[in-house]
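# Report on the structure
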Amino acid sequence: MKFLVIGSGGREHALCWTLAASPLCESLYCAPGNPGIAEDAVLVDIGVNDIDALVRFAVDEKIDLVVVGPEEPLVNGLADAMRAAGIKTVGPSAEAARLEGSKGYMKDICRKYGIPTAAYTRVDSYAEAEAFIQDHGAPIVVKTDGLAAGKGVTVAMTIEEALAAAQEALEDGKFGAAGRELVIEEFLEGEELSYFALCDGDTALPLASAQDHKRAYDGDQGPNTGGMGAYSPAPVCTDAVEKQIIDTILNPTLAAMKAEGSPFQGVLFLGVMVTDEGPKLIEYNIRFGDPECQAILMRLMSDLAPALLACADGVLSNFDLRWYEETALTVVMASKGYPGAYEKGTPITLPDPAGPNGAPDPDVVTFHAGTTLGPDGGLAAAGGRVLNVTARGHTVAEAQARAYAEIARIDWPNGFWRRDIGWRAVERENALANPVSK
Ligand code: AMP
Ligand code: GLY
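Criteria and cut-off values
- Residues numbered from 1 in each chain as written.
- Chains lettered and ligands numbered in written order.
- Predicted model: local features only at pLDDT ≥ 70, side-chain atom pairs only at ≥ 80, totals over all residues.
- Heavy atoms only, no water.
- Near = heavy atom within 4 Å.
- Polar contact = N/O pair within 3.5 Å; in protein donor to acceptor, adjacent residues only side chain to side chain.
- Areas by Shrake-Rupley, 256 points an atom, 1.4 Å probe, with all protein chains shown as cover.
- Core = buried A, V, L, I, M, F, W, Y, C linked by side-chain atoms within 4.5 Å.
- Buried < 20%, exposed > 50% of the residue type's maximum accessible area, 1.4 Å probe, protein only.
- Helix = DSSP H or I, 4+ residues; strand = E, 2+ residues; numbered from the N terminus.
- Contact = heavy atoms within 4.5 Å.
- Axes fitted to C-alpha atoms, helices over the stretch in contact; angles between N-to-C directions.
- Parallel < 35°, antiparallel > 145°, perpendicular 65-115°, else oblique.
- Nonpolar A, V, L, I, M, F, W, Y, C, P; charged D, E, K, R; others polar.
- Pairing = 2+ DSSP bridges.

This brings us to the site of ligand 2. Every residue lining ligand 2 is accounted for by Asp-212, Gly-226, Phe-269, Arg-287, Gly-289, Asp-290, Pro-291 and Glu-292. Between Arg-287 and ligand 2, the recorded distance is 2.9 Å, taken from a side-chain N or O atom to an oxygen atom. Protein coverage of the free-state accessible area of ligand 2, which is 200 Å², stands at 87%.

In this structure, Leu-4, Val-66, Met-82, Leu-193, Leu-268, Leu-270 and Tyr-284 are the most contacted members of the largest nonpolar core, which totals 53 residues. A per-element tally of this core places helix 9 (residues 239-259) first, with eight residues. Discounting chain neighbours no more than four positions away, the residues touching Leu-4 are Tyr-29, Cys-30, Ala-31, Phe-57, Ala-58, Ile-63, Leu-65, Val-66 and Val-67. Counting residues in each nonpolar core, the second largest holds 43 residues, with Ala-41, Leu-309, Ala-312 and Phe-367 among its members.

Direction vectors running N to C along helix 12 (residues 396-408) and helix 13 (residues 423-433) enclose 135 degrees, while the axes themselves pass 9 Å from each other. Between helix 12 and helix 13, the angle falls in the class oblique. For the pair helix 12 and helix 13, the contacting residues are Val-396, Ala-397 and Gln-400 in the first and Trp-423, Ala-425, Val-426 and Glu-429 in the second. Taken together, the residues that form the contact of helix 12 with helix 13 break down as five nonpolar, one polar and one charged.

Here Lys-107 is to be found in helix 6 (residues 103-113). Looking at Lys-107, the relative accessible area reads 1%, which means it is buried. Along the primary structure Lys-107 and Leu-308 are separated by 201 residues, whereas in three dimensions their C-alpha atoms are 28 Å apart.

On to the site of ligand 1, then. Every one of the 15 residues lining ligand 1 counts as a neighbour, but Glu-185, Glu-186, Leu-188, Glu-192 and Glu-283 are closest to it. The separation between a nitrogen atom of ligand 1 and a polar side-chain atom of Glu-185 is 2.7 Å. In the environment of ligand 1, an oxygen atom lies 2.7 Å from a nitrogen or oxygen atom belonging to the side chain of Glu-283. Relative to its unbound accessible area of 480 Å², ligand 1 is 86% covered by the protein chains. Within the residue set of the shell around ligand 1, elements represented by two or more residues are strand 7 (140-144), strand 8 (153-156), strand 9 (182-186) and strand 16 (278-285). Here the residues of the shell around ligand 1 sort into eight nonpolar, no polar and seven charged.

With respect to burial, helix 11 (residues 304-313) is a largely interior element, eight of its 10 residues being buried. All buried positions along helix 11 are accounted for by Leu-304, Ala-305, Ala-307, Leu-308, Leu-309, Ala-310, Cys-311 and Ala-312. The positive-phi residue at the C-terminal boundary of helix 11 is Gly-314, with phi of around 75 degrees.

In space, the five strands of this open sheet follow the order 3-2-1-4-5, with parallel pairing throughout. In this open sheet, the two strands that pair with only one neighbour each are strand 3 (42-43) and strand 5 (89-90). Where strand 2 (residues 27-32) lies against strand 3, two bridges are found, and the strand directions are parallel. Each residue of the ladder has a partner; that of Tyr-29, found in strand 3, is Val-42. The strands touched by helix 2 (residues 51-60) within the sheet are strand 1 (2-7), strand 2 and strand 4 (65-68), with strand 1 carrying the most contacts at an inclination of about 165 degrees.

Turning our eyes to something else, we now look at the sheet that holds strand 8. Spatially, 6-9-7-8 is the arrangement adopted by the four strands of the open sheet, whose pairing is antiparallel. Every interior strand has two partners, whereas the edge strands, strand 6 (120-123) and strand 8, have only one. Neighbour to neighbour, the strand axes of the sheet diverge by 20 degrees on average, direction disregarded. Sheet analysis places strand 7 next to strand 9, joined by five bridges and oriented antiparallel. Across the sheet, the residue bridging to Ile-140 is Glu-186, located in strand 9.

This part takes up the environment of Gly-114. Inspection of the secondary structure puts Gly-114 in the loop between helix 6 and strand 6. Put simply, Gly-114 and Leu-254 are 140 residues apart on the chain and 13 Å apart in space, counted from C-alpha to C-alpha.

What follows is the structure in structure tokens.
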């Protein structure tokens, strides 16, 4: 079979690495991809938002299955255009993609179908926003309705902060059209986790849980980023919590979207807060998380390709996937300065994949996220998040140690990374291993 993966980050490298290993995979393409992906797939020089060119390529090459990584082309109708051209695609329609594309839509779906989430209101004028914020008090959360490159959410600890966020979006146009309407919602307290499922419109096949680290610096300090590391499974996702997520959020969402006439087909990513009252939905994403995907796919024992085909064909019920019980953990190496301004083109030297023991370590993989080839043909950094060093281990601590040992072999003077990815889970492991008697 011929597969086409769309995207160019670490998530797409992990998808290509996984699909390339499938016995079903005869040829694998990635548009536009990156130099790491080029080891697993043929790169196609078409951008993720060039829908017409992507469809033309898929039709001309008789692609059997398209797998879309990022949200933006999905929100813009890429999956609809592929399906209209007769190309099987893993990814939701533009209608269903509104679950991520519009916070207001997402909240209204939750309210209508009784899916647990923070109490909220929708506003499109500063006067309304001010009245609600003054009335409700802080802490309170202000969100742009539309996609704002991960910067549209303000968790305000004071009324002043919340008012400033509302003013910037509604009056100053800081986020353009994405911020012309806001959702203002209750602050939820608890531990966050991500939960992933493959959906075919009717059936959701649970994949795995994960936790990521959004802040740039150690100790979860510093500015928000796209994610500086992640691990799977999330220890906070006990069997009881998982059952609640499936019963009260995941399955009701599939039923809701079907009832709305926009069945959800693709990867559904639930951002969940585990509160004292049980799991509550923070957000939907309509795709794999990046870098959560890298950790999750390293735990997959089964072949991913037939699962993705079953997803596109609407036959996921009775489908099952097997997973390694081990933890997988990924550390993001980023360009110094990220998420602010950073230098591009700085040279990177990767170690010999064979490793110190002479054979490649099956438990360690370095996925490329933002790399390019420099003028001399050598590897160079091309983005903020550049490499995702991913490792498996019997414990979180073991996976963590393996990932950092691999990072020590990578020579990239302009790179930085967090030294504490997985700290919460490692602390939990240590507490279980050394219970303190009271
Ligand atoms: P989002 O872009 O919706 O993922 O929001 C970004 C981050 O803001 C989330 O990952 C949470 O850490 C935080 N957040 C969003 N909504 C809430 C809420 N209602 N209560 C507390 N934290 C929130
Ligand atoms: N790592 C969070 C995301 O992909 O949205």
